[in-house]
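Results of the structural survey
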Amino acid sequence: MGRIELNPARPLARDPAFARYSRAEVRSVDNKTMARLLSETADLLEIDNADSFRIRSYRRAADAAEQTTVDLVEAAGDAARLMEIDGIGKGMAARLQSMARTGSLEQRDELLKKYGGGVLELLKLPGMGPKTVALLWAAAKIGSIDQLWEAIGGGRLNGLPRMGAKQVERLRKGIEDYRRSAGRFRIDRAAEEAERIAAYLLKLDGIDRVTPAGSLRRGRETVGDLDLLATGPACEPGRTEAAVAHVAAYPGIHDMIVKGENKVSFHNGEGMQVDVRLLPTASYGAALQYFTGSKGHNVALRQRALKMGYTLNEWALARLDDGSAVAGASEEEIYAALGLTAMAPELRENLGEIECAARGELPQVIALEDIRGDVHMHTTASDGRSSIREMAEAAAACGYEYIAITDHSKNLAMTGGIGREAGVGADRGGAGGGPRAGGPDSRVHRNRGRHSGRRDARPCR
DNA sequence: GCCGTTTTCGGCCCGACTGTTTTCAGTCG
């Protein structure tokens, strides 16, 4: 078994959650995909003005699919097992089975035929809900963000119900904001995809190591393209045929962009571009440095190399006079040859880190081990999924010194809320997959990672 | 569409806020 790492200092392969993941068979449909299909169906049904309780059932099923510890594809052969999951009845069990078999959901496909896929994107605009989407569709056949943009420019929204000047301006600004962030993916989603693909790549004898590079490795909040660097005997020049074929056979590929000798690029089902590069071991460090970036950091680093009589590219750090390689197998030796302390990827944004490294005064990056506590936790007293005791025990297992329970008050009625009689807020699963007192799912609240300020949502190593 | 119960059918979460309208509809959490 080879290695997968987000940061060489913290190999993911040691992560128990990851270890479980890497053993799983890579499939194009999983629990998360099913949850998304169900949730989108609920959105489309709302636009279609379907029965609100039927819509709620789809949302509950989506939440159930997202949260359950049951592998739905594996369980799909037994409807009774699916129906043991809270929120999954006879109808939803059949839909889960169908999704496991075909990768799609018939109800969703039919509604998409009627309205087009653009309406799901419209819902991502702030202040845009299903009623407004339905209104725009009925009044002006607006079914996408581009069409809405044109309609706003042409003044075609004037006179529509609830479309005053403020609302139109809000939509216009919402589109501008959306377009600025479009095409990028949250780091947690990119990391999940990186782990999934890396686990698949490592199944080939001859690929020993896979490392995500780019903005994912630098810990940015969002990722554009996903860069994965692979090394091993099957990645050496002239011997990459089997590795290229293996990458190209990855089941999550939606469409192929490039298939060359050293690089395979494709889009996955979510539209994320993935670049897999096969690299010789001798150049691994240079390539890792080059593809990790950032662009500004690399430009500054190359300028420093030139001043020192070197040239730096993705293959090696080499002398300018005779072209002989000075370093390339590891990042550390490249930085050392340039008179710099090796630095964490998170620091490489050309914000003075090169000058600091030259002086030996690099700041220390906060690591998971530095987190001492968590001050935002919800429990089954409101909309969390674990009891205070379970939360405290999980925190203790992480080595935390303190936690703060921050349950909702009863003013936020949909979450149950503390201040009510014991059990009132916990006896039913509410919207958003609400509390389940005594339920089998003892995972900590999903907000934990976010509010801890970590990019890695996992609570423990 | 699910759940609990009445084993066949009724019930299913709620308030603040905003914009638009003038008492309400829609979104958000």
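Reference entry: report on the structure contained in this document. (Residues numbered from 1 in each chain as written. Chains lettered and ligands numbered in written order. Predicted model: local features only at pLDDT ≥ 70, side-chain atom pairs only at ≥ 80, totals over all residues. Heavy atoms only, no water.)

The next point concerns the protein's contact with DNA strand B. Taken together, 31 residues are adjacent to DNA strand B, and R56, S57, M92, G129 and G164 come closest. Among the atoms of DNA strand B lying within 4 Å of the protein, the sugar-phosphate backbone contributes 65%. In the environment of DNA strand B, a phosphate oxygen lies 2.8 Å from a nitrogen or oxygen atom belonging to the side chain of T132. Q167 is positioned with one of its backbone polar atoms (N or O) 3.2 Å from a phosphate oxygen of DNA strand B. Of all elements in the fold, only α3 (52-67), α6 (90-102), α9 (130-140) and α11 (165-181) reach the threshold of two or more residues within the surface near DNA strand B. Considering each element in turn, the surface near DNA strand B owes the most residues, five residues, to α3. Residues that form the surface near DNA strand B fall into these classes: 13 nonpolar, nine polar and nine charged. (Near = heavy atom within 4 Å. Polar contact = N/O pair within 3.5 Å; in protein donor to acceptor, adjacent residues only side chain to side chain. Helix = DSSP H or I, 4+ residues; strand = E, 2+ residues; numbered from the N terminus. Nonpolar A, V, L, I, M, F, W, Y, C, P; charged D, E, K, R; others polar.)

Viewed as axis vectors pointing N to C, helix α2 (residues 31-47) and helix α7 (residues 106-115) meet at an angle of 45 degrees, and their least axial separation amounts to 9 Å. By the criterion of interaxial angle, the relationship of α2 to α7 is oblique. Regarding α2 and α7, the two cross each other, and that crossing is left-handed. Contacts between α2 and α7 involve R36, L37, E40, T41, L44, L45 and I47 from the first element and Q107, R108, L111, L112 and Y115 from the second. Split by residue class, the contact of α2 with α7 holds seven nonpolar, two polar and three charged. (Axes fitted to C-alpha atoms, helices over the stretch in contact; angles between N-to-C directions. Parallel < 35°, antiparallel > 145°, perpendicular 65-115°, else oblique. Left-handed = near helix turned anticlockwise from the far one by under 90°. Contact = heavy atoms within 4.5 Å.)

What follows concerns the pairing of strand β7 (residues 253-259). Strand residues, when the strand is regular, have side chains that alternate between the two faces of the sheet. Pairing of β7 with strand β8 (residues 263-268), which is carried by five bridges, proceeds in the antiparallel orientation. Residue pairing for β8: D255 is matched across the bridge by H267. Hairpin geometry of β7 and β8 is characterised by an intervening segment of three residues between the two adjacent antiparallel strands. (Pairing = 2+ DSSP bridges.)

This next bit is on the environment of N49. Within the secondary structure, N49 is located in the loop between α2 and α3. Along the backbone, N49 and A134 are 85 residues apart, and their C-alpha atoms lie at a distance of 8.2 Å.

Its 13 residues give α6 an end-to-end C-alpha distance of 18 Å, which sits within 8% of 18 Å, the value for a rise of 1.5 Å per residue. Within the sequence span of α6, burial applies to M92, A93, L96, S98 and M99. Buried-residue contacts for α6 involve α2, α3, α4 (72-75) and α5 (79-83). Where α6 terminates, the next one or two residues include G103, which has phi positive at roughly 80 degrees. (Expected span 1.5 Å × (residues − 1). Buried < 20%, exposed > 50% of the residue type's maximum accessible area, 1.4 Å probe, protein only.)

With that settled, the discussion passes to the environment of G373. Tracing the backbone shows G373 in strand β13 (residues 373-377). Each C-alpha atom, one on G373 and one on G399, is 8.4 Å from the other, the two residues being 26 residues apart in sequence. If we ignore the near neighbours within four places in the chain, the residues touching G373 are Y400 and Y402.

This part is about the nonpolar core. Formed by 51 residues in total, the largest nonpolar core has its most connected members in L38, I88, L148 and L157. Those residues in contact with L148 that lie beyond four places of it in its chain are L122, L125, M128, L136, I142, L157 and I175. Counting residues in hydrophobic clusters, the runner-up holds 31 residues, among them A191, L216, V223 and F266. (Core = buried A, V, L, I, M, F, W, Y, C linked by side-chain atoms within 4.5 Å.)

Turning our eyes to something else, we now look at the packing of α2 against α6. Across the interface, α2 lies against α6 with an axial gap of 11 Å and an inter-helix angle of 125 degrees. One finds that α2 runs oblique with respect to α6. Along this stretch, α2 crosses α6, giving a crossing that reads as right-handed. Within the contact between the two elements, α2 uses M34, L37 and L38 and α6 uses M92, L96, M99 and A100. Taken together, the residues of the contact of α2 with α6 break down into seven nonpolar, no polar and no charged.

Okay, the packing of aromatic side chains next. Here the distance between the centres and the angle between the planes together describe a pair of aromatic rings. According to the stated counting rule, one finds four aromatic pairs in the structure shown. Ring geometry for Y200 and Y250: centres 5.2 Å apart, planes at 55 degrees, overall tilted. Of the two residues, Y200 sits in helix α12 (residues 187-201) while Y250 sits in the loop between α14 (241-248) and β7, which places them 50 residues apart along the sequence. Geometrically, the ring pair formed by Y250 and F266 is tilted, given 5.9 Å between the ring centres and 40 degrees between the ring planes. Here Y250 is found in the loop between α14 and β7, whereas its partner F266 is found in strand β8, with 16 residues between them in sequence. On the basis of relative accessibility, which here comes to 5%, the residue Y250 falls in the buried class. Under the relative-accessibility criterion, F266 is labelled buried at 0%. Through a chain of ring-to-ring contacts, the aromatic side chains of Y200, Y250 and F266 assemble into a single cluster. (Phe/Tyr/Trp six-rings, centres within 6.5 Å; stacked < 30°, edge-to-face > 60°.)

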